[in-house]
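Below are the chains, spelled out letter by letter.
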Amino acid sequence: MTDAFGPATDADQRARQRRCLVVLNELLKLGVKRELPPLNWHLPESFTPLVGTVGAVAPEHHPRNVFDAWLAGLARDPRSEGRPLRFLGTDGMVSDRTTDGGETHLLAAFGFRAAKDTRHVDVVLRASWYEAELDPVTRALAKPARST
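As the structure is a prediction and not an experimental result, all values here were calculated from the model. (Residues numbered from 1 in each chain as written. Predicted model: local features only at pLDDT ≥ 70, side-chain atom pairs only at ≥ 80, totals over all residues. Heavy atoms only, no water.)

**Q** Explain the packing of aromatic side chains to me, please; I cannot follow it from the model alone.
**A** A ring pair, where both rings are aromatic, is described by two values, the distance of the centres and the angle of the planes. Tallied over the entire structure, the rule returns 1 aromatic pair. Centroid distance W41 to W70: 5.7 Å. Interplanar angle 75°. Geometry classified as edge-to-face. With W41 in strand β3 (residues 40–42) and W70 in helix α2 (residues 63–76), this pair connects stretches of sequence that are 29 residues apart. Accessibility assignment for this pair places W41 and W70 in one class, buried. (Phe/Tyr/Trp six-rings, centres within 6.5 Å; stacked < 30°, edge-to-face > 60°. Helix = DSSP H or I, 4+ residues; strand = E, 2+ residues; numbered from the N terminus. Buried < 20%, exposed > 50% of the residue type's maximum accessible area, 1.4 Å probe, protein only.)

As structure tokens, then:
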């Protein structure tokens, strides 16, 4: 893996992983404070973002509601700033699309700082589901979400 300044060293990768762990700890505290449903968090191996994915949710929650709750929680936090999803060809910070096959994909990107004097960590929120996977009564996932 390389960055703009040359090959990434083991020390670079360890430093990035430490920053991600500190940010993840702050995100978990934010989730508890705002009573947000838990996400499945994936730590990056190198220079990819920290990813929070909506997984199996409580019966009273629709995956979109879980995503929206985290989106609102991050948007209100002063340590967080929205990032454009340029890799999707848009300057928007949130992508909401449904494929021809009926799968809904939600995606949002943020930069998050654990403290004022620290570097930001890129954070991505994700959710995807097929309407057919939702329980017809509760509208929650009837089975655990796929890890995509």
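**Q** Got a minute to help me understand unusual backbone geometry in this structure?
**A** Leaving glycine out, the prevailing phi sign among residues is negative, and the prevailing peptide bond configuration is trans. Even without being a glycine, E35 presents a positive backbone phi close to 55°. With respect to the helices, strands and loops of the structure, E35 is situated in the loop between α1 (10–33) and β3.

**Q** Explain α1 to me, please; I cannot follow it from the model alone.
**A** Working note: α-helix, 3.6 residues per turn, so residues spaced by three or four point in the same direction. Taking 1.5 Å of rise per residue, the 24 residues of α1 would be expected to cover 34 Å, and the 35 Å separating its terminal C-alpha atoms lies within 8% of that figure. For α1, every residue scored as buried is listed here: R16, C20, V23, L24, E26, L27, L30 and G31. A positive backbone phi angle near 55° is found at E35, which sits one or two residues after α1. (Expected span 1.5 Å × (residues − 1).)

**Q** When you look at the nonpolar core in this model, what are you seeing that I'm missing?
**A** In terms of nonpolar packing, the biggest core is built from 26 residues, with V23, L27, W41, L50, F67, W70 and L125 touching the most fellow members. For this core, the elements supplying multiple residues, two or more each, are α1, α2, β7 (103–112) and β8 (121–130). (Core = buried A, V, L, I, M, F, W, Y, C linked by side-chain atoms within 4.5 Å.)

**Q** Which parts of the structure should I look at to understand the packing of α1 against α2?
**A** In a pair of packed helices, the angle between the axes and the distance between the axes together describe the arrangement. Across the interface, α1 lies against α2 with an axial gap of 11 Å and an inter-helix angle of 110°. Taken as axis vectors, α1 and α2 run roughly perpendicular relative to one another. Every pair of crossing elements has a handedness; the one defined by α1 and α2 is right-handed. Touching L27, L30 and G31 of α1 are W70, G73 and L74, all from α2. Considered class by class, the residues forming the contact of α1 with α2 number 4 nonpolar, 2 polar and no charged. (Axes fitted to C-alpha atoms, helices over the stretch in contact; angles between N-to-C directions. Parallel < 35°, antiparallel > 145°, perpendicular 65-115°, else oblique. Left-handed = near helix turned anticlockwise from the far one by under 90°. Contact = heavy atoms within 4.5 Å. Nonpolar A, V, L, I, M, F, W, Y, C, P; charged D, E, K, R; others polar.)

**Q** In this structure, what is going on with α2? I would like to understand it.
**A** In this model α2 runs 20 Å from its N-terminal to its C-terminal C-alpha over 14 residues, within 8% of the 20 Å that 1.5 Å per residue would give. Buried residues along α2 sit in contact with α1, β3, β5 (80–83), β6 (94–98), β7 and β8.

**Q** Quick question: what am I supposed to make of the pairing of β6 here?
**A** Remember that side chains alternate between the two faces of the sheet whenever the strand is regular. Here β6 pairs with β7 via 5 bridges, running antiparallel. When the bridges of β7 are listed, D96 appears paired with L106. Where β6 hands over to β7, the hairpin turn is made up of 4 residues, of which G102 adopts a positive phi near 90°. (Pairing = 2+ DSSP bridges.)

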